[in-house]
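# Notes for the structure review
Read off the chains here:
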Amino acid sequence: MSMPTSLSRRSFGVASVGAVLALGLDGTAQARGRSPFGRFGSPAARLTERTLYVHPGGAGDFTTVQAAVDAASGAGYTLVIAPGTYREIVKIPAVSAGLTLVGASENPRDVVIVYDNAAGTMKPDGSGTYGTSGSATTTLQAADLTARWITFANDWLRADHPEITGTQAVAVKVMGDRSAFFHCRFLGHQDTLYADSLNLSLFARQYFAHCYAEGDVDFVFGRATAVYEHCRFHTLDRDVDFTPKGMVFAPSTAGANPYGYLAVKCRITSGAEDGAYKLARPWVPSSDTTARPALVVRDTWMGPGIDAAVPYTNMSSGFPWQDQRFAEYRNTGPGAKILVPENRPQLTVVEAGLHTRETYLGDWRPYARRR
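Parameters and conventions
Residues numbered from 1 in each chain as written. Predicted model: local features only at pLDDT ≥ 70, side-chain atom pairs only at ≥ 80, totals over all residues. Heavy atoms only, no water. Helix = DSSP H or I, 4+ residues; strand = E, 2+ residues; numbered from the N terminus. Core = buried A, V, L, I, M, F, W, Y, C linked by side-chain atoms within 4.5 Å. Buried < 20%, exposed > 50% of the residue type's maximum accessible area, 1.4 Å probe, protein only. Contact = heavy atoms within 4.5 Å. Polar contact = N/O pair within 3.5 Å; in protein donor to acceptor, adjacent residues only side chain to side chain. UniProt positions renumbered as here; feature names shortened; annotations may be inferred. Pairing = 2+ DSSP bridges. Axes fitted to C-alpha atoms, helices over the stretch in contact; angles between N-to-C directions. Phe/Tyr/Trp six-rings, centres within 6.5 Å; stacked < 30°, edge-to-face > 60°.

## Some remarks on unusual backbone geometry
- Within the chain, Asp144 stands out as a residue other than glycine whose phi angle is a positive 55°.
- When you line up the elements, Asp144 lands in the loop between strand 7 (138–140) and strand 8 (146–148).
- Phi angles above zero are rare outside glycine, and Arg178 is one such case at about 60°.
- Within the secondary structure, Arg178 is located in the loop between strand 10 (172–174) and strand 11 (179–182).

Put into C-alpha cells, the structure is as follows:
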C-alpha cells in the first residue's frame, strides 16, 4: 500500500498561534469577560459534575486531552476542549463508554488533536515499528462515543522521511459501536480515517454527519458499518508520476456483515488533476481473507478528480473489485458519469431502498440528535 510522494507540511490548526492566545492562553479573553469554553461554561461554573474542561494554558481542569480521558472514570462524561493544537496521542479505552468530546468554539478548525507517527516509525524503545493501527493519533475503542467540532489529524509526511516505507499514518481509528461524529475534520494522507471494529464478530455502527476527510491513498478504510452523510471527501494533489494517485475508500467489510460503508448526499472534490483518483478499491486483509468489502455511494456529487471511466481498482490479486459489494445510485457530477456501464454497478430503485442510514444503523438513531 506504500505509494511514495513529496508533499510540503501544512498547517492543521487555527490560523496562528496568536489566534490561540487571543482565546485565552494569555488571559486576554478572560479579562474581557469571555470564557475560552464559550457557551459550555467553565470549571468554576461547570455544566455537570461529569463535565471536564481541557485548556492548553491551564484555564481548565487539564492541559491535555489524554489526561481528561484518564480522569473520566465511568460512563457519561463530557470533555469540553478549548481552542488549541493538542500535539499528543490520545487513546480512549472501551471502559469510557458514553464519552462526549466537544470543541468549545463550535468550529472544528480551532480544536486540533494531531501527532506524526507512521506505520514504519520506530517505537522509542526500539521494539519495532508502530504498524498501521499503532500509527493512529487518536484511537477510540469506547462504545456510544460522540465527537463534535474537532479536527483529528496526522501530519506525518513521506517527503520528510524517505527512509520509511510504511507510509500509512492514521489520524483516527474508530472501533466502538454507536460512534457518532458531527462537524469534525479528519486530516492526513494515507489511511486517514480508519472506521473499524474491535473484532471480526462485532459489526460496529458509526455515523459521520457534516464532516470533512482528506487524504490520498485509501484515506477512508476499515470494516465498520459506517454511514457518511452530508460529508466532503477531498483528494490531495501528489507529486508522483503514475495514475491512480490514490483512492478515496478501501472498505474491508466482514463477509457476514450485510452492510459496509454508505456515503449519501456527500461531495467528492480534488486538488489533483482530472481523473487522477479512483473512487474505491477493496481491502481484503490477510487477517480476514473471507472479507467481502461493501460500499454504496448514492445521491453524491463527484468532481472531475474521480476517474469516471474506471472508478474502481484492485488492491491485491485474487480479490477483484467486481466480486465485492460495490454499487452506486443517482450520483451526479463529472466524476459520476457512466461512461462504461460494466465499470459502474448501479442499484435499482428497489435495491436503493435497502441502502439507507436507517437500514444500516438499525435501532440506533444518531441523526435524530441536534447537530
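## Some details on the nonpolar core
- Counting 66 residues, the largest nonpolar core has Phe181, Phe186, Tyr228, Phe233 and Phe249 as the members making the most contacts within it.
- Setting aside residues no more than four positions away along its own chain, Phe233 makes contact with Ala213, Phe219, Val220, Tyr228, Val248, Phe249, Cys266, Arg267, Ile268 and Thr269.
- Listed in part, the 16 residues of the second largest apolar core include Ala180, Leu262, Leu361 and Tyr367.

## Here's the deal with the side chain of Ser197
- Position of Ser197 among the secondary structure elements: in the loop between strand 13 (193–195) and strand 14 (205–209).
- Among the polar contacts made by the side chain of Ser197, one reaches the main-chain carbonyl oxygen of Leu202 at a distance of 3.2 Å.
- Polar side-chain contacts of Ser197 include one of 2.7 Å to the side chain of Arg223.
- Apart from residues lying up to four places away in sequence, Ser197 is in contact with Val174, Met175, Leu202, Ala204 and Arg223.

## What to know about the UniProt feature "domain: Pectinesterase catalytic" (unreviewed entry) in the protein
- As annotated in UniProt, the feature "domain: Pectinesterase catalytic" (unreviewed entry) corresponds to residues 54–338 in the numbering used here.
- Secondary structure over residues 54–338 splits into 4% helix and 33% strand, and the C-alpha atoms at its two ends are 49 Å apart.

## Section: the sheet that holds strand 5 (residues 100–103)
- Reading across the sheet, the 10 strands line up as 1-2-5-8-11-14-17-20-23-25 and stay open at both edges, with parallel pairing between neighbours. The open sheet has two edge strands, strand 1 (51–54) and strand 25 (325–329), and neither has a second partner. Going across the sheet, the axis of each strand differs from the next one's by a mean of 10°, ignoring polarity.
- Direction of pairing for strand 23 (residues 294–298) relative to strand 25: parallel, over a ladder of five bridges. Each bridged residue has a counterpart across the sheet, and for Ala294 the counterpart in strand 25 is Arg325.

## Comments concerning the sheet that holds strand 22 (residues 277–280)
- Ordered in space as 4-7-10-13-16-19-22, the seven strands form an open sheet in which the pairing is parallel. Strand pairing shows two members of the sheet lacking a second neighbour, strand 4 (90–92) and strand 22, which therefore form its edges. Sheet twist, expressed as the mean angle between neighbouring strand axes with direction ignored, is 15°.
- In this structure, strand 19 (residues 246–251) lies alongside strand 22, joined through three bridges in parallel fashion. For Met247, the partnering residue across the bridge sits in strand 22 and is Lys278.

## Examining the packing of aromatic side chains
- Tallied over the entire structure, the rule returns 20 aromatic pairs.
- Between Phe233 and Phe249, the ring centres sit 5.1 Å apart and the planes meet at 65°, which makes this aromatic pair edge-to-face. You can see Phe233 sitting in strand 18 (residues 232–235) and its partner Phe249 sitting in strand 19, a full 16 residues away along the chain. For the pair formed by Phe233 and Phe249, the shared burial category is buried.
- An angle of 40° between the planes, with centres 5.3 Å apart, marks the rings of Tyr312 and Phe326 as tilted. Taken together, the residues span a long stretch of sequence, with Tyr312 in the loop between strand 24 (301–302) and strand 25 and Phe326 in strand 25 at a distance of 14 residues. Phe326 carries the same exposure label as Tyr312, and that label is buried.

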